[in-house]
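Summary of the model geometry
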Amino acid sequence: MLRYVFMLTIALSAWAGAAAAEPQKLLVAVASNFLDTAQELMPLFAAEYPYQIEFTSGSTGKLYAQIAAGAPFAVLLAADQATPARLVDQGLAEGATQFTYAYGRLTLWSPDPHGIAPDGAIWLSRGAFDHLAIANPDLAPYGVAAMQTLRALGLADTLKGKIVTGENIAQAFALTATGNAQAGLVALSLVQSARNAHPGSRWDVPETLYDPIRQDAVLLKAGADDPVAKEFLVFLQSPAAQALIAGAGYGIDSPTD
């Protein structure tokens, strides 16, 4: 698990002149695909709320296991809908708070600028590569989407011996970025991230080839009485946050009038 602590110390104007208070800490479990975007959201959040946020990142499946075992996270930002719903059913999350904060997008990516042909389906069918990285479909929704894509293209059996898996989508991305796999079916957000030094070449997978990756947030039992957690979930649904999320390579729900 990767831990990132963001010290958000900008005080609200109403607090001007008051004695500095120790910022409250919010523990957030975040799917690995969304970690970079969560970092980018922090200055927006900090401009309004003087809180300290600690992120724990991993596959949605691993985060679920941590929560079920009693980890004191207040909020879960999952890479699917099923995991938050499961936690609600088990009494570990507040059902009325569940909402879709982003729609994940899958891309076939290589750090080589000439690695991926314009038609990625044809490139995959030729199989002129040693390894294709995906996230573990037993733990990560993006891995499920990758396998759905390969089945839809009729290539799941053909490429079975070439597939290498990371525990989560960030690890699948790393396998590709380091050359351990010539290409990967990874999150578009990771390819577009400012942290990615090698944009390379990519083919954005048509969304007709995999089920929608609805990424849901939910307030967990440990955060049920935490006003900071509730403020964070409200912030995620704000127009400013949603615009940043869309710019990071995700789909979002259209604003309602």
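Presented here is an overview of the structure given in this document.

Rules used in this analysis
- In this convention, every chain numbers its residues from 1, walking through the sequence in written order.
- The model is predicted, so local features are restricted to residues of pLDDT at least 70 and side-chain atom pairs to those at 80 or more, both for listing and for counting; the totals for chains, interfaces and linings are taken over all residues.
- Side-chain numbers here rest on the full set of heavy atoms in the structure, without hydrogens or water.
- Salt bridge, as applied in this entry: a Lys or Arg side-chain nitrogen positioned within 4 Å of an Asp or Glu carboxyl oxygen.
- Helix and strand assignments come from DSSP, with helices taken as H or I runs of at least 4 residues and strands as E runs of at least 2, each series counted from the N terminus.
- Buried means the residue's accessible area, taken with a 1.4 Å probe over protein chains only, is under 20% of the maximum for its type, while exposed means over 50%, and partly exposed covers the values in between.
- Only Phe, Tyr and Trp rings take part, Trp by its six-membered ring, and two of them pair if their centres are within 6.5 Å. Stacked means planes under 30 degrees apart, edge-to-face means over 60, and tilted covers everything else.
- A ring has a charge above it when a Lys NZ or an Arg CZ is no more than 6 Å from the ring centre and no more than 35 degrees off the ring normal.
- Contacts are residue-level and defined by heavy atoms, with any inter-residue pair within 4.5 Å sufficient.
- Note on geometry: axes are lines fitted to C-alpha atoms, helical ones only across the stretch in contact, with angles between N-to-C directions running from 0 to 180 degrees.
- Should an angle lie under 35 degrees it is considered roughly parallel, over 145 roughly antiparallel, and from 65 to 115 roughly perpendicular; all remaining angles are considered oblique.
- The crossing is said to be left-handed when, going from far helix to near helix, the turn is anticlockwise and less than a right angle, and right-handed when the turn is clockwise.
- Under the grouping applied here, Gly and all other residues not named as nonpolar or charged are polar, the nonpolar ones being Ala, Val, Leu, Ile, Met, Phe, Trp, Tyr, Cys and Pro and the charged ones Asp, Glu, Lys and Arg.
- For two strands to be treated as a pair, DSSP must find at least two bridges joining them.
- Pairing of N or O atoms within 3.5 Å defines a polar contact, subject to two protein rules: one partner must be a possible hydrogen donor and the other a possible acceptor, and residues neighboring in sequence count only if both atoms are side-chain atoms.
- The definition of a nonpolar core used throughout is a set of buried Ala, Val, Leu, Ile, Met, Phe, Trp, Tyr and Cys residues joined through side-chain atoms within 4.5 Å.

**Side note on the pattern of salt bridges**
Side-chain pairs of opposite charge can arise where the charged atoms are in close proximity. Scanning all chains against the criterion turns up four salt bridges. Between Lys 25 and Glu 54 there is a salt bridge whose closest N-O contact spans 3.6 Å. Taken together, the residues Lys 25 in strand S2 (residues 25–31) and Glu 54 in strand S3 (residues 52–58) connect sequence positions 29 residues apart. Residue Glu 54 is classed as buried on the basis of its relative accessible area, which comes to 13%. Among the salt bridges present, the one from Glu 207 reaches Arg 105, with a minimum N-O distance of 3.6 Å.

**Side note on the packing of aromatic side chains**
Each aromatic ring pair is summarised here by two numbers: the centre-to-centre distance and the angle between the ring planes. Inspection of the entire model under this criterion finds 10 aromatic pairs. Seen in terms of ring centroids, Phe 45 and Tyr 49 are 4.8 Å apart; in terms of plane orientation they differ by 35 degrees. Their pairing is tilted. An identical accessibility class is assigned to Phe 45 and Tyr 49; each is buried. An aromatic cluster of at least three residues, connected via ring pairs, comprises Phe 45, Tyr 49, Tyr 51, Phe 232 and Phe 235. Positioned above the aromatic ring of Phe 129, the side-chain terminus of Lys 162 is 5.5 Å from the ring centre.

**A short note on the environment of Val 164**
Here Val 164 shows up in strand S8 (residues 163–166). The contacts of Val 164, once residues within four sequence positions are left out, are His 131, Leu 132, Ala 133, Ile 134, Leu 175 and Ala 181.

**Thoughts on the packing of helix H1 (residues 35–46) against helix H9 (residues 239–247)**
The interhelical angle for the contact between H1 and H9, taken along N-to-C directions, is 150 degrees, at an axis separation of 10 Å. Overall, the two elements H1 and H9 adopt an arrangement that is roughly antiparallel. Handedness of the crossing formed by H1 with H9: right-handed. Seen from H1, the contacting residues are Thr 37, Glu 40, Leu 41 and Leu 44; seen from H9, they are Ala 240, Ala 241, Leu 244 and Ile 245. Residue classes in the contact of H1 with H9 are distributed as six nonpolar, one polar and one charged.

**Let's talk about the pairing of strand S10 (residues 201–204)**
Judged by which residues are buried, S10 turns out to be one-sided: Ser 201 and Trp 203 face inward and are buried, whereas Arg 202 and Asp 204, on the alternate face, are not. Where strand S6 (residues 106–110) lies against S10, four bridges are found, and the strand directions are antiparallel. Bridging from a neighbouring strand, Thr 107 pairs with Asp 204 of S10.

**What to know about the sheet that holds S6**
The strand order across the open sheet formed by five strands is S8-S7-S9-S6-S10, and the pairing between neighbours is mixed. Sheet topology places S8 and S10 at the edges, where each strand pairs with a single neighbour. Adjacent strand axes in the sheet meet at a mean angle of 30 degrees when their direction is disregarded. Across two bridges, strand S7 (residues 132–135) lies against strand S9 (residues 183–187) in parallel orientation. Within S9, the position partnered with Leu 132 by the bridge is Ala 183. In this fold helix H6 (residues 169–177) packs onto S6, S7, S8 and S9, with an angle of close to 150 degrees to the strand it touches most, S9.

**Concerning the environment of Thr 178**
Here Thr 178 lies in the loop between H6 and S9. We classify Thr 178 as exposed; its relative accessible area is 56%. Sequence spacing of Thr 178 and Pro 111 is 67 residues, and the spatial spacing of their C-alpha atoms is 8.7 Å. Within the local environment of Thr 178, its side chain forms a polar contact with the backbone oxygen of Ala 174, the two atoms lying 2.8 Å apart.

**Describing the nonpolar core**
Ranked by size, the top nonpolar core spans 69 residues in total, and within it Leu 77 and Phe 232 carry the most contacts. Broken down by element, the residue count for this core peaks at six residues, all from helix H8 (residues 227–236). Those residues in contact with Phe 232 that lie beyond four places of it in its chain are Leu 26, Val 28, Met 42, Phe 45, Ile 53, Phe 55, Val 75 and Leu 77. By size, the runner-up hydrophobic cluster in this structure holds 12 residues, among which are Ile 67, Ala 71, Phe 73 and Leu 220.

**Focus on the side chain of Thr 107**
For Thr 107, the location among the structural elements is in strand S6. Of the residues examined, Thr 107 reaches a relative accessible area of 0% and is grouped as buried. Of the polar contacts made by the side chain of Thr 107, one reaches the backbone oxygen of Trp 203; its length is 3.1 Å. When near neighbours in sequence (up to four residues on either side) are disregarded, Thr 107 contacts Gly 184, Leu 185, Val 186, Ala 187, Leu 188, Val 191, Arg 202, Trp 203, Asp 204 and Val 205.

Shape descriptors only; they carry no functional weight alone.
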